[in-house]
Amino acid sequence: MTGPTARSRARHNPAGGKAPVKRAAATVAVVFLVVGVLGFVPGVTSDFYDLRFAGHESDARLLGLFQVSVLHNIVHLLFGVAGLVLARTVTGARTYLVGGGAIYLVLWLYGLVIDHDSTANFIPVNNADNWLHLFLGLGMIALGILTTRGRPHR
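Presented here is a report on the structure given in the accompanying data block. No experiment lies behind these values; they were computed from the predicted model shown. (Residues numbered from 1 in each chain as written. Predicted model: local features only at pLDDT ≥ 70, side-chain atom pairs only at ≥ 80, totals over all residues. Heavy atoms only, no water.)

Right, let's get into the overall build of the chain. Along the backbone of the chain there are five helices and three strands. Walking the chain from its N terminus toward its C terminus, one meets helices and strands in the order α-α-β-β-β-α-α-α. Within the chain, buried positions represent 37% of all 154 residues. Partitioning the intrachain contacts of the chain with sequence separation of at least 6 by distance along the chain shows that 60% fall at a separation of at least 24. Counting every atom, the chain has about 8,800 Å² of accessible surface; 68% of that belongs to carbon and sulfur. (Helix = DSSP H or I, 4+ residues; strand = E, 2+ residues; numbered from the N terminus. Buried < 20%, exposed > 50% of the residue type's maximum accessible area, 1.4 Å probe, protein only. Contact = heavy atoms within 4.5 Å. Areas by Shrake-Rupley, 256 points an atom, 1.4 Å probe, with all protein chains shown as cover.)

A few words on the packing of helix α2 (residues 20-38) against helix α4 (residues 90-113). Two elements in contact, α2 and α4, have axes whose closest approach is 8 Å; the angle formed by their N-to-C orientations is 50 degrees. It follows from the interaxial angle that α2 and α4 lie oblique. Between α2 and α4 the crossing geometry is left-handed. Of the residues in α4, those touching α2 at V21, K22, A24, A25, V28, A29 and F32 are V90, A93, R94, Y96, L97 and Y104. Here the residues of the contact of α2 with α4 are counted per class, giving 11 nonpolar, no polar and two charged. (Axes fitted to C-alpha atoms, helices over the stretch in contact; angles between N-to-C directions. Parallel < 35°, antiparallel > 145°, perpendicular 65-115°, else oblique. Left-handed = near helix turned anticlockwise from the far one by under 90°. Nonpolar A, V, L, I, M, F, W, Y, C, P; charged D, E, K, R; others polar.)

Time to look at helix α5 (residues 127-146). A rise of 1.5 Å per residue sets the reference length of α5, with its 20 residues, at 28 Å; its end C-alpha atoms lie 28 Å apart and thus fit the reference within 8%. Looking at the buried positions of α5, the neighbouring elements they touch are α2, β3 (66-67), α3 (70-86) and α4. Its side-chain oxygen at 3.2 Å from the backbone nitrogen of A128, N126 defines the N-terminal cap of α5. (Expected span 1.5 Å × (residues − 1). Polar contact = N/O pair within 3.5 Å; in protein donor to acceptor, adjacent residues only side chain to side chain.)

Here we have three strands laid out as an open sheet, ordered β1-β2-β3, and antiparallel in their pairing. Since the sheet does not close on itself, it has two edges, and those belong to β1 (45-46) and β3, each with one partner. Sheet analysis places β1 next to strand β2 (residues 61-62), joined by two bridges and oriented antiparallel. Pairing of S46 across the sheet is with R61, part of β2. (Pairing = 2+ DSSP bridges.)

All right, on to the environment of Y96 then. Its place among the elements puts Y96 in helix α4. Its relative accessible area of 4% is what places Y96 among the buried residues. Remark: the alpha-carbon pair of Y96 and M140, spanning 44 residues in sequence, is separated by 8.5 Å. Excluding its chain neighbours within four sequence positions, the residues that come into contact with Y96 are A25, V28, A29, F32, F79, G80, A82, G83, L86, G101 and M140. At 3.2 Å, the side chain of Y96 forms a polar contact with the backbone oxygen of F79.

What follows is the structure, given as structure tokens:
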């Protein structure tokens, strides 16, 4: 069989042969990039015009739920870029997922102990962010560990 249909079935799968941890890290990184961009989109971010550079005064909320600021969005974008860079190797991908998960668990603890209406809430975070940080932290660590079980580290 020849023609475009035969060629499309024979195309190389870009994920084929790629270590699961590298795919997982790249996927998480892309999600962070998308979230970082969406934080700057009016409509997706409610009260967009109340978006502040940093601090708890920012009333902008991604998806109407997660408190965001310019700094918060930039951190998501940087976290996504770092993930794409680190996802190029198995060791880097695992480090990104486990280390990034640990960072998110620290952010979760930070969000629990600070007064959300104080200047210490410079990122800013709210209760929805706290729950998200807990699940992100646990999920990223689990991905980093489970996708490399039994694999030799390179």
